[in-house]
Amino acid sequence: MTTEADLPPDAEIGPHDDEPHHESTSALLNWLRAAVLGANDGIVSVAGLVVGVAGATTDRHAIFVAGIAGLVAGALSMAAGEYVSVSTQRDTEMALLEKERRELEEDPEEELAELTGIYRDKGLSEELAIQVAEELTAHDALAAHADAELGIDPDNLTSPWQAASASMIAFTLGAALPLLTITLIGQSLRVWATVVAVAFALALTGYASARFAEADVRRAVLRNVAGGLLAMLVTYAVGALVGSGIS
């Protein structure tokens, strides 16, 4: 086992160069998870829509128009919802940071004692907790308190525009699959081809979401695919029923 004494005199002890920083890795995983969920929503919602319309009519143009409308409406709705949600989160984070900044200015000693208590409660000895709190406070008091008390990085607040853009793009990419499949395949196979393509895509998104969450992959894939197939079955049945009633 290599110890500090075994290292060359000029060797630096610190994070491995090939290991990503914890915060950046966490942020990346959060974005990837959001992208997978957005794509999944796009696949299921537009697949259900176009298959439902295909149950009512064989008109390729009508199916395509409905799919495009669903794609645009869904992408904009996802973007707007994500923007509002993340904006609210960002406003909350900024308000908490402002409160913490004010407390540090008004009563720094009390804040230092509070930070010391946090590290002591995490298992550090009293002496070490005081040392860590003092050094972190001297380096960047606001960042130290924001991280320990609030779990917030003041230099890396959530961005509403980035979240909205990512959600809209992911939804659009997911929705494009069933839309293109059902409009490009011939009438006799279009519904079945869409079902197969969607099932495959949902298996991939289910696998990806399970891996990100470190959950059971088989269960996630089956749940995802079953939900999508059920949605298409129901909308196709409704479309066929409504279409026959109108005709």
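As shown above, the structure is provided for reference.
Residues numbered from 1 in each chain as written. Predicted model: local features only at pLDDT ≥ 70, side-chain atom pairs only at ≥ 80, totals over all residues. Heavy atoms only, no water.

Draft legend 1. Here's a closer look at the nonpolar core. Counting residues in hydrophobic clusters, the biggest one holds 24 residues, and the most contacted among them are Val 46, Val 50, Ile 63, Ile 182, Val 198 and Met 232. Elements with a minimum of two residues in this core: α1 (22–56), α2 (60–106), α5 (160–184), α6 (190–213) and α7 (217–246). Take this core: its biggest share by element is seven residues, from α1. Beyond its immediate sequence surroundings of up to four residues, Val 46 is in contact with Gly 67, Gly 70, Leu 71, Phe 171, Ala 175, Pro 178 and Leu 179. Residues Leu 115, Ala 129, Ala 144 and Ala 148 belong to the second largest nonpolar core, which totals seven residues. (Core = buried A, V, L, I, M, F, W, Y, C linked by side-chain atoms within 4.5 Å. Buried < 20%, exposed > 50% of the residue type's maximum accessible area, 1.4 Å probe, protein only. Helix = DSSP H or I, 4+ residues; strand = E, 2+ residues; numbered from the N terminus. Contact = heavy atoms within 4.5 Å.)

Draft legend 2. Quick peek at the side chain of Glu 111. For Glu 111, the position within the fold is in helix α3 (residues 108–121). The side chain of Glu 111 sits in the buried core without any salt bridge; Lys 99 is the nearest counter-charge, 8.7 Å away. Leaving out residues up to four positions away in the same chain, Glu 111 has contacts with Glu 100, Glu 103, Leu 104, His 145 and Glu 149. (Lys, Arg positive; Asp, Glu negative; His and termini not counted. Salt bridge = Lys/Arg side-chain N within 4 Å of Asp/Glu carboxyl O.)

Draft legend 3. The arrangement of helix α4 (residues 126–150) in detail. Taking 1.5 Å per residue as the helical rise, α4 with its 25 residues ought to reach 36 Å, whereas the 22 Å between its terminal C-alpha atoms falls clearly short. Along its length, α4 reaches its greatest deviation from straightness, about 125°, at Asp 140. Listed as buried for α4 are Ala 129, Ala 133, Leu 142, Ala 144, His 145, Ala 146 and Ala 148. Those residues of α4 that are buried lie in contact with α2 and α3. Positive backbone phi, approximately 70°, marks Gly 151, located one or two places after α4. (Expected span 1.5 Å × (residues − 1). Bend = angle between axes of the 7 residues up to and from the residue.)

Draft legend 4. Inspection of the layout of surface pockets at higher detail. Space inside the second largest pocket adds up to approximately 170 Å³. Every residue lining the second largest pocket is listed: Val 51, Ser 188, Val 191, Trp 192, Val 195, Leu 229, Met 232, Leu 233 and Tyr 236. Of all elements in the fold, only α6 and α7 reach the threshold of two or more residues within the lining of the second largest pocket. Element by element, the count of residues in the lining of the second largest pocket is highest for α7, at four residues. Counted by class, the lining of the second largest pocket contains eight nonpolar, one polar and no charged residues. (1 Å grid on protein atoms, 1.4 Å probe; cavity = no way out; pocket = protein on both sides within 12 Å on 5 of 7 lines; lining within 4 Å. Points joined across faces, edges and corners; volume = space filled by probe spheres on them. Nonpolar A, V, L, I, M, F, W, Y, C, P; charged D, E, K, R; others polar.)

Draft legend 5. Looking closely at the environment of Ala 203. Considering the arrangement of structural elements, one finds Ala 203 in helix α6. Each C-alpha atom of the pair Ala 203 and Ala 220 lies 8.4 Å from the other, and the pair is 17 residues apart in sequence. Setting aside residues no more than four positions away along its own chain, Ala 203 makes contact with Val 221 and Val 225.

Draft legend 6. Region of the structure containing α6. For α6, which comprises 24 residues, the first-to-last C-alpha distance of 34 Å matches the rise-based estimate of 34 Å (1.5 Å per residue) to within 8%. All buried positions along α6 are accounted for by Arg 190, Val 191, Thr 194, Val 195, Ala 197, Val 198, Ala 199, Ala 201, Leu 202, Thr 205, Gly 206 and Ala 210. Glu 214 sits one or two positions beyond α6 and adopts a positive phi of about 55°.

Draft legend 7. Seen up close, a nonpolar patch on the surface. The grouping of Phe 64, Val 65, Ile 68, Val 72, Leu 76 and Met 168 at the surface amounts to a nonpolar patch, some 460 Å² of accessible area in total. Examined against the element boundaries, Val 65 turns out to sit in helix α2. A residue is classified by how much of its surface remains accessible, and Val 65, at 41% relative accessible area, is partly exposed. (Patch = residues over 30% accessible without salt bridge, like charges linked within 9 Å, V, L, I, M, F, W, Y side chains within 5 Å. Areas by Shrake-Rupley, 256 points an atom, 1.4 Å probe, with all protein chains shown as cover.)

Draft legend 8. Molecular detail of a negative patch on the surface. Side chains of Glu 105, Glu 106, Asp 107, Glu 109, Glu 110 and Glu 114 sit close together on the surface and give a patch of like negative charge. Broken down by secondary-structure element, the contributors of at least two residues to the negative patch are α2 and α3. Ranked by residues supplied to the negative patch, first place goes to α3 with three residues. Of note, Glu 114 is situated in helix α3. (Charge placed at Lys NZ, Arg CZ, Asp CG, Glu CD.)

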